[in-house]
Amino acid sequence: MDVSTSGHRTSETRASFWDFFDRTFTSIRLAIFLLFALAIASILGTVIPQEITFQQLRQAQETLYGRLALILDLHQVYRSWWFLLLLVLLCLNLGGCLRKRIPAILADWSGKRFKETFILTMEETRPVEAIKSLVSDAVSGVMHSPPRIEGTADEWRFDWTRHRIHLIGFPLIHLAIIIVLLGALVGLLFGFKGAIQIREGSTGSRYARIPSGQPAVLPFEIALDKFELSHYPSGEPKEYRSEVRLIQNGQEVYKGAIRVNHPLTYDGISLFQSDYKLVGVKGVALSLEGPDGSSHELVVAPGVETALPKGDVKIRLAALDPGSSLRGAWIDVTIEHGKDAPQTVRIFQKDAKPTRIGDYEVRFKSYQPLYASGLQIGYDPGAYIVWLGCIMLMAGFVVTLFTNYRRVRVQITRVGPHKTRVKVSGSSRRMRQEFRETLEKTTKGAIASA
Amino acid sequence: MTSTDLNTFVTFAYLASAVIYLIAFVAARSKSQLMQWAFRLVVAICAVHGASILYRWYESYELGVGHAPLSNLYESLVFFAWTIVVALLVVRTAFHADFVIVAGLPIAFIIMASTFLIDSSIRPLIPALQSNWLVAHVVTCFLGYAGFTASFIAAVMFLLALTSPHVAQHLPPSKLLDEIVYRSVVIGFSLLSVGIITGAAWADHAWGSYWSWDPKETWSLITWMVYAAFLHARLARGWSGHRTAVLSVVGFLCVLFTYFGVNYLPGLHSYF
């Protein structure tokens with residue numbers, strides 16, 4: 001007895017829990033609440049600074065509000081537990097509404113259900129046979145299709161259906177949102193993002209994960225052969241271009257260029273041009289004027305001791321500033337002359353007078369920059385799922401906007417010796433008023449014309 | 001004559017036609033001759049406006065920096081004003097509500113006039129914008145914004161009509177306004193969805209992530225959610241009238257913030 005009672009109670013609790021669950025997640029009120037809640041949460045994320053440093057994090061822990069903000073993940077709203085919870089609730093809500101509506105949609109699709117939005121009834125003195133084809137032809141003109149006909153001598157029934165495809169709009173749109181969110185989840189779980197900086201002429205495979213900053217290693221090495229920066233005549237940047245080779249197990253597997261808006265994808269991993277940094281110089285061009293009026297051009301590479309054409313003077317590049325001061329770019333040059341102690345001079349690119357080194361008048365003409373290219377790394381297996389959802393969403397909008405599910409049923413019944421009743425019932429998803437008026441005019445016109 | 005001169009002409013032509021429209025509206029019964037002519041005038045100015053946008057496209061090729069004229073604030077404002085006028089003409093034709101044009105033209109005028117304050121020179125396209133997605137993304141977003149603007153205009157008129165019967169008698173019937181508020185949101189919402197999706201596709205292609213919670217992205221999503229709430233409230237909860245009108249106004253404030261306010265927050269869209 002006890003066992004069966006407790007069993008009964010469990011199933012009852014289960015049923016009421018299911019009822020509660022069902023009532024909650026099939027509610028449109030919840031949907032509207034969740035949309036507003038997500039909107040407000042998103043606003044929070046755009047007004048509260050989202051990327052904070054470790055130090056700021058430590059500081060925040062010292063105050064009560066700071067600790068509260070950290071518990072609520074206010075520094076990473078879009079990855080916070082409660083934002084994800086809202087998204088999960090939204091998915092459940094979408095699923096609930098789909099579950100609730102799909103039986104009715106299927107019944108509409110199969111024609112089992114007919115929920116008319118209006119009924120017109122007319123009385124006639126002529127027999128059924130006399131007006132049946134007139135009315136059916138006229139309505140066929142409105143519905144652009146022939147009817148399904150059922151009938152006996154005393155009653156005829158005509159059924160028209162148009163744009164049944166309209167019915168899939170609702171499930172398509174709502175399923176699409178669930179699929180987009182699932183795709184995002186897949187990306188969150190199995191995808192990664194990162195950033196890597198490679199100097200011209202070197203290779204790299206170690207990168208930092210975004211947003212955690214944790215170090216990671218790519219399954220291949222990126223060799224940056226060249227980084228090019230070009231400008232429009234007006235000075236605005238025109239193109240950043242990284243010429244790269246990808247090397248896997250010591251073998252070159254790919255060679256190509258990465259530009260902004262033109263990424264490279266290898267092995268599912270995409271590499272994007274993001275930014276660049278000036279990290280040094282390849283060489284500095286100096287113009288030399290000798291005592292005899294001869295002029296030379298000398299290119300000094302960093303770290304290499306270079307001798308002047310004549311004499312025993314050697315120079316070495318000690319430092320370079322690409323132009324952060326008002327006087328423009330400058331270099332520090334260390335001069336070694338025989339056994340004298342080395343001496344360092346600073347030469348500005350904009351110097352009016354040349355600098356004397358040994359027998360020569362030296363000017364700093366130009367430098368060849370050495371860049372490091374900043375690449376973004378992205379791998380997201382969920383993206384395809386997201387695109388599937390997006391295509392479904394757009395298809396759903398097209399179907400909803402450009403089609404209109406309509407049904408008409410005309411019943412012509414003999415109700416007396418000289419009495420025939422014409423009953424027109426119809427439904428339309430959009431433009432109901434217009435549809436009703438058209439049908440009324442058409443059927444009345446058809447009967448009057450007889 | 002440059003496209004900028006043409007835009008100056010268009011700006012004041014909108015103002016003039018708004019005045020003519022208002023006179024026609026006040027002086028005569030609807031469907032009057034004057035109103036017909038005022039409508040044709042607006043259609044003609046709108047055509048010149050469209051031609052001016054195309055002409056600027058051509059000019060950019062002449063300068064050797066050829067790109068669609070949707071690359072900076074000036075160009076986007078000119079395009080926004082054009083989409084608004086197109087939306088007004090569509091609403092007027094679909095609902096026979098001339099007053100929507102009378103109320104909407106000053107908005108187009110103000111937007112066009114505001115472009116006088118900003119740099120109108122044709123600049124080359126920065127690398128981040130050099131993509132085929134630019135046109136699809138910007139056009140769908142702005143057409144969506146135009147739908148929301150039409151809805152906002154009708155919503156404000158609806159709310160004004162509620163204040164007193166004296167005001168209401170000069171405005172279109174509330175039932176019609178309510179219908180315009182709703183239908184414009186349906187169109188705007190669909191277009192904004194496509195705009196967000198094309199933006200995500202572009203971001204995925206260019207930066208390797210279809211969604212990065214950039215302020216503009218986030219605000220477009222906020223706008224999308226507000227209008228999604230609008231549609232659910234209307235279709236499933238039977239909201240209409242002043243409640244949906246208020247929602248339409250709230251949604252439009254989000255549109256404005258997405259367009260202008262976000263520029264004061266840092267992010268990928270800072271050049272717009």
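Above: the structure in question.
Every value quoted in this text rests on a predicted model; they were computed, and no experiment measured them. (Residues numbered from 1 in each chain as written. Chains lettered and ligands numbered in written order. Predicted model: local features only at pLDDT ≥ 70, side-chain atom pairs only at ≥ 80, totals over all residues.)

Things to note about the overall build of chain B
Logical step 1: When you go through chain B residue by residue, the secondary structure sums to nine helices and zero strands.
Logical step 2: Along chain B, helices and strands appear, N-terminal first, in the series α-α-α-α-α-α-α-α-α.
Logical step 3: Relative to the globule expectation of 19 Å for 272 residues, the C-alpha radius of gyration of chain B, 19 Å, shows essentially globular dimensions.
Logical step 4: Considered along the principal axes of its C-alpha atoms, chain B spans approximately 55 × 50 × 25 Å. (Helix = DSSP H or I, 4+ residues; strand = E, 2+ residues; numbered from the N terminus. Rg over C-alpha atoms; globule rule 2.2 N^0.38 Å.)

With respect to the interface of chain B and chain A
Logical step 1: Contacts between the two partners involve 32 residues from chain B, matched on the other side by 34 residues from chain A.
Logical step 2: Of all elements in the fold, only α7 (174–207) and α8 (215–236) of chain B reach the threshold of two or more residues within the side of chain B that touches chain A.
Logical step 3: Looking at the side of chain B that touches chain A element by element, the count peaks at 12 residues for α8 of chain B. (Contact = placed C-beta atoms within 7 Å.)

What about unusual backbone geometry?
All names here are of chain A.
Logical step 1: At H144, a residue that is not glycine, the phi angle is positive and equals roughly 55°.
Logical step 2: Along the chain, the position of H144 falls in the loop between α6 (128–143) and β2 (148–151).
Logical step 3: The phi angle at M431 is positive, at roughly 50°, despite the residue not being glycine.

Overview of the packing of α7 of chain B against helix α9 (residues 242–259) of chain B
All names here are of chain B.
Logical step 1: At a minimum axis distance of 10 Å, the contact between α7 and α9 shows a crossing angle of 45°. Here α7 is positioned oblique relative to α9, judged by the angle of their axes. Both α7 and α9 take part in a crossing whose hand is left-handed. Across the interface between the two elements, V181, Y182 and V185 of α7 pack against T244, A245 and S248 of α9.
Logical step 2: Its residues placed into classes, the contact of α7 with α9 shows four nonpolar, two polar and no charged. (Axes fitted to C-alpha atoms, helices over the stretch in contact; angles between N-to-C directions. Parallel < 35°, antiparallel > 145°, perpendicular 65-115°, else oblique. Left-handed = near helix turned anticlockwise from the far one by under 90°. Nonpolar A, V, L, I, M, F, W, Y, C, P; charged D, E, K, R; others polar.)

Observations concerning the nonpolar core
Logical step 1: Grouped together as the largest cluster of nonpolar side chains are 102 residues, with contacts concentrated most on L35 of chain A together with A81, V100, A154, V181, M225 and A229 of chain B.
Logical step 2: Here the element with the most residues in this core is helix α5 (residues 133–163) of chain B; it accounts for 15 residues.
Logical step 3: Not counting residues up to four positions away in its chain, the partners in contact with V181 of chain B are S151, A154, A155, F158, T244, A245 and S248 of chain B.
Logical step 4: Judged by nonpolar contacts, the second largest core, of 22 residues, contains I198, L218, F220 and L246 of chain A. (Core = buried A, V, L, I, M, F, W, Y, C linked by C-beta atoms within 7 Å. Buried ≥ 20, exposed ≤ 12 C-beta atoms within 10 Å, placed from the backbone.)

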